[in-house]
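Each chain, letter by letter, is given below.
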Amino acid sequence: MKKIEKVSSWLCDHLALFSCPVCHEKFIRVNNQQLVCVNGHRLNINKHGYVYFLQKGVKSEYDREMLLARRQL
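Described below are features of the structure shown in this document. (Residues numbered from 1 in each chain as written. Predicted model: local features only at pLDDT ≥ 70, side-chain atom pairs only at ≥ 80, totals over all residues. Heavy atoms only, no water.)

Structurally, L17 can be placed in the loop between helix 1 (3-13) and strand 1 (27-30). Accessibility expressed as a relative area gives 60% for L17, which makes it exposed. C-alpha of L17 to C-alpha of F27: the two residues are 10 residues apart in sequence and 9.0 Å apart in space. (Helix = DSSP H or I, 4+ residues; strand = E, 2+ residues; numbered from the N terminus. Buried < 20%, exposed > 50% of the residue type's maximum accessible area, 1.4 Å probe, protein only.)

The structure is reproduced here in C-alpha cells:
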C-alpha cells in the first residue's frame, strides 16, 4: 500500500479531528486523494501523504540574508 493510500485511509477514519480552513465546517469524505468539506472545499493530499491546511504563506523572521550569514559560520 502506498503512503498516500495509507494516509487517505487514516483520514477517512479520523475526519472528525479536522475542519476546513476556509469555512471551518467539518470534512465529510476523502475522495480521489482530496479532503472534501460540507461546502465543497477541497484539500489535496500530496504524493508523500501530507495535507497543507495553510491558505497562504506565513511571514517569517527568516530571510535570505540571515540564512546566508548562518551558512558562512
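A few words now on helix 1. The set of residues buried in helix 1 consists of I4, S8 and L11. Across the axial projection of helix 1, the buried residues extend over an arc of 65°, all falling on one side. Opposite its buried face, helix 1 presents the exposed residues K3 and D13, each directed more than 90 degrees away. At its buried positions, helix 1 is contacted by strand 1 and strand 2 (34-37). (Arc of directions from axis to C-beta. Contact = heavy atoms within 4.5 Å.)

Further remarks concern the pairing of strand 1. With three bridges connecting them, strand 1 and strand 2 associate as antiparallel partners. For V30, the partnering residue across the bridge sits in strand 2 and is L35. The turn joining strand 1 and strand 2, which pair antiparallel and follow one another in sequence, is formed by three residues; a positive phi near 55° is taken by N32. (Pairing = 2+ DSSP bridges.)

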